[in-house]
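Residues per chain are reported as follows:
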Amino acid sequence: MLFKLLDKDEFKNLVNILLQSNEVIAPKQVGVNVTGKTLHQYLPVTSFDEIDLTYETTQYSAKTYFLPYKENLSTYRFDEKDWKQEIRYRQEPRVMLGLHACDIHALLKLDKVLARDNFPSPYYIARRKNAFIIGIDHEPCEGGFCRSLGTDTVNNGFDLFLTDLGERYFVSINTDLGYRVLLQVKTKDVTEEDTRKYLLTRKSISDAFQTHVNVQNLPNLLDLEFESKVWNKWGQKCLSCGSCSMVCPTCYCYGVTERVSMDFKSGAKVKQLYSCNLVDFATVAGGHNFRPNRETRLKYRYYHQHRGFVESYDEPKCVGCNRCGRVCLAEINPPDIIRDIQMEER
Amino acid sequence: MRYLSIEPTKPKVAVFDFTSCEGCELQLANKEETLVDFLKAVEIVNFREVSSAKSDDYEIAFIEGAVSRSDEIERLKKIREKARVLVALGCCACYGGVNKLKNAFDLSTANREIYGNYPKDSMPVRAIKDVVPVDMEIPGCPVNKEEIERIIQHLLLDINYNFPVYPVCVECKQKFNVCMFEKGQLCLGPIARAGCSAPCPTGGLGCYGCRGPAADPNYDEFFEIARRRGFAEQEVNERLSFFGGFNGIAMGVQK
Amino acid sequence: MKIPLYHYDIMKEREIQQPVDFNRHRRLKHTDKTFKAEISSITTLTDMEKLFHLRILDEAERERFTFLPGQFVMLEVPGYGEVPISISGSPSNKGLIELCIRKAGTVTGVLHKAKRGALVGIRGPFGTHFPLEKMKGYDILLIAGGLGLAPLRAPIFAVTENRPDYRKVDIMYGTKDPSQLLFDYQYEQWRRIDGVNLHIIVEKADDKWTGDVGLITKLFDKIEIVPHETYAIVCGPPVMFKFVCAYLSKIGVPMDRMFVSLERRMHCGMGKCCRCNIGSTYTCIDGPVFDYWTVMNLKEAI
């Protein structure tokens, strides 16, 4: 990895240059909540001033720019006795500016499922490879436990990564494209003093984490505690509303439906992101539901996050962003559930 | 579908209104971009709002509105006898709708309050399915034209019309909305049935549950959330009874 | 100054330009491209089930489509939807895909209305298969309950077409009543093959029925099983294969020599949509064929 220093004024130039000919998605303040806390989302921006890189977290993850909530897998033209199938993938580049380490880790996990495993998804890969990603370091967000999952720092999966050193950014350059884009503005070489400052900043961020979750031995524990009362306790609270999966940066499950136009001349096979907490997730043709209970569905969401995914890819699916915990009106959250499961063992 | 060698029929459709605002049937004439195709697919033989035709020969009857007068019962039964398929159109037809708020009052007092010295024939409001069997329901206030199209496609060619049974939250999240509770507002999203694409929360108004309850709603937890967030029982219960879909469900009442 | 970022066009990737072959799991491909296939023949089996013969139109695609007994395809009726269906035919019958389909939902319902010559889409084959190679030299039990004969018919073909590779073959089949018996026109053919025994039982007889009556496990009274020299394939509803496998296990047939085919909801067939997840196992990738020991270890499988 190469490193450079970028003055904040130059960074602004860089963003303006990118804005001139590209779609740019960045954190934007969208309001304040009932307690006065500012709320942010990753949204398309058209000027530098709309961007707020000091954001704590976003309510939604960046995944929807890679896995849209709704997407046509194919379209059909019906023509008397025949039909014709058409498939299109994204070709337009997009700048993803200001992603935190957890969101980049989430993409790396999605890569494992959707780009590297059996049946790589051309829909995902086309979006992923058309994304120019600029990450940024940040103070730990409230309730975030990414440090426990090793996702608080990131070494790949981005083009550029910024660490705020006050007047300037310390820039990690991970790709050739990142390097070439950076050539468009003035940068400085990194001195020993800068490196020391960078490491100090990193350390102070590391030390600031408040929430810790013990995920050790969790795959085994989840098996042992499959019938645990813990699931009844939390399952009874679950609204089965799917909000957790919608905001989760790594939930990728979906459902497919088909639509036909009113003139019956065209149709589409539509993919919609789903949630394993929704009541009909495992209902088969004929009506049998393999998971009719809330607690079973909730349990399986955790099972996939912390056991199933580990079995397949040697790491949990969760990145510790706690967006699911924050969005849940019933206050169901991973740190508390995992703590309960760990307590059962004593 | 032609490619399957299955030819669509062109069914005769009638639209009837009962106690309602007639907003749902107006939706039938909405969505200009596909209106021509829609009207090509069916033959409308009786629809007071758009046509002077008044045929009694129809296969599909769309019923808007609830039943609130004795003469409506007779009329509805006659329609049921003639129609092969009866579709309840909109919240009033499916659940009673806002009309049903009347049921909480003494009828003669309510009658006097509204009509003064000229009282009208009136009875407690009932949903269509409480009077005659209903084959299909399109909930919502108003209904979504796209769902009417899908029902028609289903009746013509067996095309799928699986309306969602999960809560509004799913669709609200897919609109990137900030949760209404986060903004300090009451919202029935977590227990109300989706399919509307959450226009109310998207526009800044908490959900009123016009499509009725989601499948297997978690009322206990929802009331707990409302309590924790400082909403009074009365406010929650008023919201629940607004469209009549949450019959018999109330906060602070033991089930 | 402008920085137009690189436009990545996935269609320029060498792999994706290759013809779609679902047997090449790792290769980048059009995952949702369907092979257009014609319904070339329809055989009515019962009131609820029909056997469809499908023929992929494109000759090269037809040539590439190979499957093993136990695998399934995603069958799409454009505009209606897509459903997983296990292949009922013989792997050696190149170019012909046989699917036995019960009328159960929108897609299967409209298929039952479709006429010969209609064009549908096929993706696949997907999933694991019965280990017919490993079973060579052993006694074979092929056991089906109800619609289970549809997936079992593929290994029945494979075993009878390669008769010398296997020792004694017992086919056991049970349904609720005689009207539900599938492929009744083939029984005589199977019975006449040397060393193949067909045993049929119904739970409830009708006036004409002269055969056995009872649950499928009752048929074990008639069959001599040498436990350590037997492989079994069991297809049917979970209650059925649970009892059958429990019996076989009790008499000493190793659980990893019994194979079952599981059924779940699937929206992709490729381990992506998660709908067929059983715990951490994907029915579409790790299954649908599992040995019974694995099934015992899958939470919520039975």
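Source: prediction; values computed, not measured.

Q: Looking at this structure, how should I read the domain arrangement of chain C?
A: Accessible area lost during the coming together of the parts is what is often quoted as the interface size. All names here are of chain C. Taken domain by domain, chain C comprises domain 1 (10-126) and domain 2 (139-261). A separation of 27 Å is found between the C-alpha centroids of domain 1 and domain 2. Opposite the 17 residues of domain 1 that make contact, domain 2 presents 15 residues. In this assembly, domain 1 packs against domain 2 so that about 1200 Å² is buried in total across both faces, 61% of it on carbon and sulfur atoms. When the shortest N-O distance is used, the salt bridge between Arg 153 and Glu 98 registers 3.0 Å. Put simply, the parts of the chain that give the side of domain 1 that touches domain 2 at least two residues each are β2 (49-56) and β5 (97-102). In terms of residues, the side of domain 1 that touches domain 2 owes the most to one element, β5, which gives three residues. Looking at side-chain class alone, the side of domain 1 that touches domain 2 contains six nonpolar, eight polar and three charged residues.

Q: Is there a simple way to explain the pairing of strand β3 (residues 60-64) of chain B in this structure?
A: Strand residues, when the strand is regular, have side chains that alternate between the two faces of the sheet. Residues and elements named next belong to chain B. Counting buried positions along β3 yields five of five residues, so the element is predominantly enclosed. Side chains Ile 60, Phe 62 and Glu 64 project from β3 onto one buried face, and the interleaved Ala 61 and Ile 63 project onto a second face that is buried too. Relative to β3, strand β1 (residues 12-17) is paired through five bridges, and the arrangement is parallel. Across the sheet, the residue bridging to Asp 17 is Glu 64, located in β3. Pairing geometry for β3 and strand β4 (residues 85-89), over five bridges, is parallel.

Q: Even after reading the chapter, I still don't get the nonpolar core, so can you show me in this structure?
A: Core analysis: the biggest nonpolar cluster contains 125 residues, and Met 1, Leu 4 and Phe 62 of chain B together with Leu 54, Leu 75 and Tyr 80 of chain C have the highest contact counts within it. In terms of residue count, the dominant contributor to this core is helix α2 (residues 101-116) of chain A (seven residues). Look past the residues within four positions of Leu 75 of chain C in its chain and what remains in contact with it is Leu 54, Gly 81, Glu 82, Val 83, Ile 85, Leu 99, Ile 101, Val 107, Leu 111, Val 120, Gly 121 and Ile 122 of chain C. Listed in part, the 49 residues of the second largest apolar core include Phe 226, Cys 318 and Ile 332 of chain A together with Phe 223 of chain B.

Q: Mind showing me how you'd approach the environment of Thr 153 of chain A here?
A: Residues and elements named next belong to chain A. Checked against the element boundaries, Thr 153 lands in the loop between β7 (131-136) and β8 (160-164). When the C-alpha atoms of Thr 153 and Ile 104 are compared, they prove to be 9.4 Å apart, with 49 residues separating the residues in sequence. When sequence neighbours within four positions are dropped, the list of residues in contact with Thr 153 reads Ala 101, His 105 and Arg 202.

Q: Please explain the interface of chain A and chain C as it appears in this structure.
A: Of the residues lining the interface, 62 residues belong to chain A; the matching set on chain C comes to 56 residues. Contact with chain C buries area across many residues of chain A, yet Trp 83, Phe 119 and Tyr 254 of chain A alone supply 16% of it, more than any other trio. For Lys 36 of chain C, the salt bridge goes to Asp 82 of chain A, with nearest N and O atoms at 2.7 Å. Across the contact surface, chain A and chain C share 26 residue pairs in polar contact (both at pLDDT 80 or more). Those elements that place two or more of their residues in the side of chain A that touches chain C are α1 (8-21), β4 (70-79), β5 (82-86), α2, α3 (122-129), α4 (176-182), β10 (254-260) and α9 (294-313) of chain A. Of the residues forming the side of chain A that touches chain C, the biggest block, seven residues, is contributed by α9 of chain A. Class assignment of the residues belonging to the side of chain A that touches chain C gives a composition of 34 nonpolar, 14 polar and 14 charged.

Calculation criteria
- Residues numbered from 1 in each chain as written.
- Chains lettered and ligands numbered in written order.
- Predicted model: local features only at pLDDT ≥ 70, side-chain atom pairs only at ≥ 80, totals over all residues.
- Heavy atoms only, no water.
- Domains from an automatic or database assignment.
- Contact = heavy atoms within 4.5 Å.
- Buried area = accessible area lost by both parts, 1.4 Å probe.
- Salt bridge = Lys/Arg side-chain N within 4 Å of Asp/Glu carboxyl O.
- Helix = DSSP H or I, 4+ residues; strand = E, 2+ residues; numbered from the N terminus.
- Nonpolar A, V, L, I, M, F, W, Y, C, P; charged D, E, K, R; others polar.
- Buried < 20%, exposed > 50% of the residue type's maximum accessible area, 1.4 Å probe, protein only.
- Pairing = 2+ DSSP bridges.
- Core = buried A, V, L, I, M, F, W, Y, C linked by side-chain atoms within 4.5 Å.
- Polar contact = N/O pair within 3.5 Å; in protein donor to acceptor, adjacent residues only side chain to side chain.

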